[in-house]
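Structure assessment
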Amino acid sequence: DAGVPLTVYDVDETLPEAIGRMTLPQSGFVEHVDPRAAQLGDKPLFAVQVSRLADGATALGCAWHHAVGDMRSFMVLMQTWSALAEGAAPPEPVLVEDRDALIRSVLPAEDSGRPGFRIVGPEEMEQLDKAFGAAPRANRAIQVYFGERETARMKERFTAAAQRRLSTNDVLTAHLVTCVR
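Residues numbered from 1 in each chain as written. Predicted model: local features only at pLDDT ≥ 70, side-chain atom pairs only at ≥ 80, totals over all residues. Heavy atoms only, no water.

A word on the overall build of the protein chain
From N to C terminus, the protein chain includes 7 helices and 3 strands. Its helices and strands taken in sequence order, the protein chain reads β-α-α-β-β-α-α-α-α-α from the N to the C terminus. Once the C-alpha set of the protein chain is aligned to its principal axes, its extents read approximately 55 × 45 × 35 Å. Residues classed as buried in the protein chain amount to 22% of the 181 residues present. (Helix = DSSP H or I, 4+ residues; strand = E, 2+ residues; numbered from the N terminus. Buried < 20%, exposed > 50% of the residue type's maximum accessible area, 1.4 Å probe, protein only.)

Examining the packing of aromatic side chains
Taken as a whole and assessed by the stated rule, the structure comprises 2 aromatic pairs. Ring centres of Trp-64 and Phe-74 lie 4.5 Å apart, and the angle between their planes is 10 degrees; on these two criteria the pair is classed as stacked. You can see Trp-64 sitting in strand 3 (residues 58-64) and its partner Phe-74 sitting in helix 3 (residues 71-85), a full 10 residues away along the chain. Under the relative-accessibility criterion, Trp-64 is labelled partly exposed at 27%. A residue is classified by how much of its surface remains accessible, and Phe-74, at 13% relative accessible area, is buried. Here the aromatic cluster, defined as three or more aromatic residues joined through ring pairs, consists of Phe-46, Trp-64 and Phe-74. (Phe/Tyr/Trp six-rings, centres within 6.5 Å; stacked < 30°, edge-to-face > 60°.)

Considering the nonpolar core
Counting 7 residues, the largest nonpolar core consists of Phe-46, Val-48, Cys-62, Phe-74, Met-75, Met-78 and Val-177. Listed by contribution, the elements that provide at least two residues to this core are strand 2 (46-52) and helix 3. Setting aside residues up to four positions removed in sequence, Val-48 forms contacts with Val-4, Pro-5, Leu-6, Thr-7, Leu-60, Gly-61, Cys-62 and Trp-81. Counting 6 residues, the second largest nonpolar core, distinct from the first, contains Val-11, Ala-18, Phe-29 and Ala-57. (Core = buried A, V, L, I, M, F, W, Y, C linked by side-chain atoms within 4.5 Å. Contact = heavy atoms within 4.5 Å.)

Description of a nonpolar patch on the surface
The grouping of Val-94, Val-96, Leu-102, Ile-103, Val-106 and Leu-107 at the surface amounts to a nonpolar patch, some 560 Å² of accessible area in total. Position of Leu-107 among the secondary structure elements: in the loop between helix 4 (99-106) and helix 5 (122-138). (Patch = residues over 30% accessible without salt bridge, like charges linked within 9 Å, V, L, I, M, F, W, Y side chains within 5 Å. Areas by Shrake-Rupley, 256 points an atom, 1.4 Å probe, with all protein chains shown as cover. Salt bridge = Lys/Arg side-chain N within 4 Å of Asp/Glu carboxyl O.)

What about the sheet that holds strand 3?
Read from one edge of the open sheet, 3 strands run 1-2-3, paired in mixed fashion. Looking at strand neighbours, the two that pair on one side only are strand 1 (6-10) and strand 3, the edges of this open sheet. Direction aside, the axes of adjacent strands within the sheet are offset by 15 degrees on average. When strand 2 meets strand 3, the two strands line up antiparallel, connected through 7 bridges. Counterpart to Ala-47 in the pairing with strand 3 is Ala-63. Packing of helix 3 onto the sheet brings it into contact with strand 2 and strand 3, and relative to strand 3 it is tilted by some 140 degrees. (Pairing = 2+ DSSP bridges. Axes fitted to C-alpha atoms, helices over the stretch in contact; angles between N-to-C directions.)

A short note on helix 4
Among the 8 residues in helix 4, 0 count as buried, and that is only a small part of the element. For helix 4, the capping residue at the N-terminal end is Asp-98, with a side-chain oxygen 3.2 Å from the backbone nitrogen of Asp-100. (Polar contact = N/O pair within 3.5 Å; in protein donor to acceptor, adjacent residues only side chain to side chain.)

Re the pattern of salt bridges
Inspection of every chain in the model, using the stated rule, returns 4 salt bridges. Two residues, Arg-52 and Asp-10, come together in a salt bridge whose shortest N-O distance is 2.7 Å. Placement of Arg-52 in strand 2 and of Asp-10 in strand 1 is noted, with a sequence separation of 42 residues between them. Taking relative accessible area as the criterion, Arg-52 reaches 43% and is therefore assigned partly exposed. Classification of Asp-10 as exposed rests on a relative accessible area of 58%. Among the ionic pairs, Lys-130 bridges to Glu-126, the shortest N-O distance being 3.6 Å. Of this pair, Lys-130 and Glu-126 both sit in helix 5, 4 residues apart, which is roughly one turn of that helix. Residue class for Lys-130 comes out exposed when judged on its relative accessible area of 57%.

The structure is reproduced here in structure tokens:
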């Protein structure tokens, strides 16, 4: 009865039925961390919830207090957890003494000269306008839609770069984390 609390639930919804509300605070797909209680030591700083959906899909909900770590810390945890679950060695920890020096060592002095975005066409822009327009009425999170062609393009590019098979989820998660970082 120590460590990170892990709860497992069976849910009577399929992934397509549940996906639209997964990001809502009241969705039931994550055990929320109570910041005040966590600071006082009465509640955990990190919690994990596994929801087994009716169609065999699984939703993994994680919540943590910022004192535990930032998004990079969380991604290292996910990489380590995945490696251990696959029976592989976890990634080597990287300790950075001087963040500014690290950034200077990996970033070129000049940028690539290529924009880090692409201009969407009229059809995609119409879909994005609808999604962004409806999102505030639906929930507090903005859900971004990637069309099949865009997802296939990203999957092809990232799979080639990684030199291994990647799932669509791998690709979308990598894209999201890269954008957020």
